[in-house]
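# Structural overview for review
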Amino acid sequence: MTKAELREKIRALALQVVGEKSKSEDAALAYDELTKFPELKDVIVSLLTHEFDSFLEDIMWISPRPSAFRIVLLNGQSFILTYGKRSWVAQIEGKKYYLLNLDEEEYACQAIARILQHGPESGAEVEGSETDSAPEVKDEVDVDVDVEA
């Protein structure tokens, strides 16, 4: 590999990284919490990649101290991110993952992938599905009964 080829590869990778970063910046504008808390955006990008907007429905700020956020996914499932003393803690399906440890961050990513594979919660509406909102009514018949004692 020559110096020119190496420079060209580095330039292409740099452009790709800058493009992904700008993509996540544009997606973050849709969520007020991500603009107020840039650390939260970094955690969400590390858990869901730069394409996080394709998987998120909403981000809710649920407590001020410690700062906790409910991340609602498109399928209706959610998980909680809490800012701890040292790092972020993800609570996914009842289990806590301390995101300071690389292996626990990987387990958190796998847990998020599992809940993304699930369908919508029971009773939740699915986009594009047609359901009858009116319940089926059966014909009622009045019957006169004479009861002799």
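Residues numbered from 1 in each chain as written. Predicted model: local features only at pLDDT ≥ 70, side-chain atom pairs only at ≥ 80, totals over all residues. Heavy atoms only, no water.

### What about the overall build of the protein?
Broken down by element type, the protein carries four helices and five strands. Counted from the first residue to the last, the protein has its helices and strands arranged as α-α-α-β-β-β-β-β-α. Burial analysis of the protein (149 residues in total) assigns 28% to the buried set. Restricting the contact set of the protein to residue pairs at least 6 apart, pairs at least 24 apart contribute 34%. When the accessible surface of the protein is summed, it comes to about 11,500 Å², and 51% of that surface belongs to carbon and sulfur atoms. (Helix = DSSP H or I, 4+ residues; strand = E, 2+ residues; numbered from the N terminus. Buried < 20%, exposed > 50% of the residue type's maximum accessible area, 1.4 Å probe, protein only. Contact = heavy atoms within 4.5 Å. Areas by Shrake-Rupley, 256 points an atom, 1.4 Å probe, with all protein chains shown as cover.)

### Considering unusual backbone geometry
Note: most residues except glycine have negative phi, and most peptide bonds are trans. Residue proline 66 is reached from arginine 65 by a cis peptide bond, and omega for that bond is -5 degrees. Locating proline 66 in the fold gives a position in the loop between strand 1 (56-63) and strand 2 (68-73). Of note in the backbone geometry, glutamate 93 takes a positive phi value of approximately 55 degrees without being a glycine.

### What about a nonpolar patch on the surface?
Together, Met1, Leu6 and Ile10 line one region of the surface with nonpolar side chains, adding up to about 340 Å² of accessible area. The topology assignment puts isoleucine 10 in helix 1 (residues 3-28). (Patch = residues over 30% accessible without salt bridge, like charges linked within 9 Å, V, L, I, M, F, W, Y side chains within 5 Å. Salt bridge = Lys/Arg side-chain N within 4 Å of Asp/Glu carboxyl O.)

### What to know about the nonpolar core
Here is a general trend for soluble globular proteins: nonpolar side chains tend to be buried in one another's company. With 26 residues, the main nonpolar core has Leu40, Ile44, Leu47, Phe79, Leu81, Ile92 and Leu99 as its most contacted residues. Mapped onto this core, the elements with two or more residues apiece are helix 3 (38-48), strand 1, strand 2, strand 3 (78-83), strand 4 (88-92) and helix 4 (102-117). In terms of residues, this core owes the most to one element, helix 3, which gives six residues. Each residue touching isoleucine 44, except ones within four places of it in the same chain, is listed here: Leu34, Thr49, Phe52, Leu56, Ile59, Ile71 and Leu81. (Core = buried A, V, L, I, M, F, W, Y, C linked by side-chain atoms within 4.5 Å.)

### Considering the sheet that holds strand 3
With antiparallel pairing, five strands are arranged side by side in an open sheet as 1-2-3-4-5. A single partner strand is all that each edge strand has here, and the edge strands are strand 1 and strand 5 (95-98). Shown here is a sheet whose adjacent strand axes are inclined to one another by a mean of 25 degrees, direction ignored. Where strand 3 meets strand 4, four bridges bridge the pair, whose relative direction is antiparallel. Looking at strand 4, one finds that leucine 81 is bridged to alanine 90. Those strands touched by helix 3 are strand 1, strand 2, strand 3 and strand 4, and its axis lies near 135 degrees from that of strand 3. Sitting on the sheet, helix 4 touches strand 2, strand 3, strand 4 and strand 5, and the angle it makes with strand 5 is about 140 degrees. (Pairing = 2+ DSSP bridges. Axes fitted to C-alpha atoms, helices over the stretch in contact; angles between N-to-C directions.)

### Some words on the confidence of the model for the protein
Low pLDDT means the predicted atomic positions in that stretch should not be read closely. With 68% of its residues at a pLDDT of 70 or more, the protein has an overall mean of 75. The model gives residues 128-135 a pLDDT under 50, and that stretch makes zero contacts with residues more than four places away or in other chains. (pLDDT = per-residue confidence, 0-100.)

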